[in-house]
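What follows is each chain in one-letter form.
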Amino acid sequence: QPLGVVGIIGPWNYPLQLTLGPAATALAAGNRVLLKPSELTPRSSALMAELVARHFAPEEFHVVLGGPDVAAEFAALPFDHLFFTGSTAVGRKVAEAAARNLTPTTLELGGKSPCIVDASCTDLEGVALKIAHGKLLNAGQTCIAPDYLLLPRGREAAFADAYQKAVTRLYPRVVGNPDY
């Protein structure tokens, strides 16, 4: 919906998808966008600022760079809508700052994502492979990555073995890999 000016505060783990996706949606609806990408992705953020400045008028779409102090000031602006993706702890700060202006917010926060393995499961290795993929995708830095597992008593050891095999299959060079 065309609301006016939409603020977007983006995360570091998907620096383009979780900033430019909401920006494209807001722009398509007829809004203007002010975007604050994560300071933890300085090169991606700088490139984004450069490309946005090259292709948009600053009053249409603008990128603001800076650290947590800039983010705090950004969240306190009187936007017509504020979109934040990140941690629950920072989400609380964003919501508090937005509330001072009665700014509506969309908060995409990491949460607890359980996996439930039912007693009727006959393919524990297949399930373990899917859970390992979901948990370890993007080095585990995904909002919906599984946080815990519920399975019938007595199947813990079998699942642990299947999970270890799945991780080894998906990431054969994870041990000693400096990226992990």
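Scroll up to find the structure.
Attention in this report is confined to the structure presented alongside it. Each residue is numbered by its place in its chain's sequence as written, counting from 1. Given that the model is predicted, a residue must reach a pLDDT of at least 70 before its local features are reported, and side-chain atom pairs must reach 80 or more before they are shown or counted; all residues, however, enter totals for whole chains, interfaces and linings. Excluded from the side-chain calculations are hydrogens and water; all other atoms, namely the structure's heavy atoms, are used.

1. Some remarks on the pattern of salt bridges
So, step 1. For this document, the term salt bridge refers to a Lys or Arg side-chain nitrogen within 4 Å of an Asp or Glu carboxyl oxygen. For the structure on display, the rule yields 3 salt bridges.
So, step 2. Among the salt bridges present, the one from Glu 39 reaches Lys 36, with a minimum N-O distance of 3.1 Å.
So, step 3. In this structure Lys 36 comes out as buried when scored by relative accessible area, which is 2%. Summary of the burial criterion: residues with accessible area below 20% of their type's maximum are buried, those above 50% are exposed, and those between are partly exposed, where the area comes from a 1.4 Å probe applied to protein chains only.

2. Let's talk about the layout of surface pockets
So, step 1. Of the two site types, the cavity is a set of points on a 1 Å grid over the protein atoms alone where a 1.4 Å probe fits but cannot get out, and the pocket is an open set with protein on both sides within 12 Å along at least five of seven lines, each lined by residues with an atom within 4 Å of a point. Grid points are joined across faces, edges and corners, and a volume is the space filled by probe spheres set on the points. Size it by volume and the largest pocket reaches roughly 680 Å³.
So, step 2. As for the largest pocket, its lining consists of 31 residues, and the residues nearest its centre are Phe 84, Thr 85, Gly 86, Ser 87 and Val 90.
So, step 3. Of all the secondary structure elements, the ones that give two or more residues to the lining of the largest pocket are helix 3 (68–75), strand 4 (81–86) and helix 4 (88–99).
So, step 4. Of the pockets and cavities examined, the second largest pocket occupies roughly 170 Å³.
So, step 5. Lining of the second largest pocket is provided by Gln 1, Leu 3, Val 6, Ile 8, Pro 22, Thr 25, Ala 26, Ala 29, Asn 31, His 81, Phe 83 and Thr 106. Strands are runs of DSSP state E lasting at least 2 residues, helices are runs of H or I lasting at least 4, and numbering of each runs from the N terminus.

3. Digging into the side chain of Ser 45
So, step 1. Relative to the elements of secondary structure, Ser 45 occurs in helix 2 (residues 42–55).
So, step 2. Note on contacts: a residue pair is in contact if any heavy atoms of the two residues lie within 4.5 Å. If near-sequence neighbours (up to four positions away) are discounted, Ser 45 is found in contact with Pro 37, Ser 38, Val 63 and Leu 65.

4. A closer look at the environment of Tyr 163
So, step 1. Take Tyr 163: it is sitting in helix 6 (residues 156–170).
So, step 2. The exposure class of Tyr 163 is partly exposed, given its relative accessible area of 22%.

5. Considering the sheet that holds strand 2 (residues 32–36)
So, step 1. If you walk across this open sheet you meet the 5 strands as 3-2-1-4-5, and the pairing is parallel. With one partner strand each, in any of the chains shown, strand 3 (61–63) and strand 5 (105–109) form the two edges of the open sheet. Averaged over all pairs of adjacent strands, the angle between strand axes in this sheet comes to 10°, irrespective of strand direction.
So, step 2. By this definition, two strands are paired if DSSP reports at least two bridges between them. Looking at chain direction, strand 4 and strand 5 are connected through 5 bridges and run parallel. What counts as an axis is a line fitted to C-alpha atoms, over the stretch in contact for a helix, and the angles between N-to-C directions run from 0 to 180 degrees.

6. So, helix 3
So, step 1. Among the residues of helix 3, those classed as buried are Ala 71, Phe 74 and Ala 75. Seen from one end, helix 3 has its buried residues packed into an arc of 90°, which puts them on one side. Facing away from the buried side of helix 3 by over 90 degrees, the exposed positions are Asp 69 and Glu 73.
So, step 2. Elements in contact with the buried residues of helix 3: strand 1 (5–9), strand 2, strand 4 and helix 4. Think of the arc as the fan of directions from the helix axis to the C-beta atoms.

7. Remarks on the nonpolar core
So, step 1. Within the largest apolar cluster, 12 residues are counted, these being Val 6, Ile 8, Ala 23, Ala 26, Val 33, Leu 35, Met 48, Ala 49, Val 52, Phe 61, Val 63 and Phe 83.
So, step 2. Counting residues per element, the ones that place at least two in this core are strand 1, helix 1 (17–28), strand 2, helix 2 and strand 3.
So, step 3. Of all the elements, helix 2 adds the most residues to this core, at 3 residues.
So, step 4. Excluding residues that lie within four positions of it along the chain, Val 33 makes contacts with Val 6, Ile 8, Ala 23, Ala 26, Leu 27, Glu 60, Phe 61 and His 62.
So, step 5. Joining through side-chain atoms within 4.5 Å is the link that ties buried Ala, Val, Leu, Ile, Met, Phe, Trp, Tyr and Cys residues into a set, and such a set is a nonpolar core. Formed by 10 residues, the second largest nonpolar core is a distinct cluster that contains Ile 9, Leu 34, Ala 75 and Phe 79.

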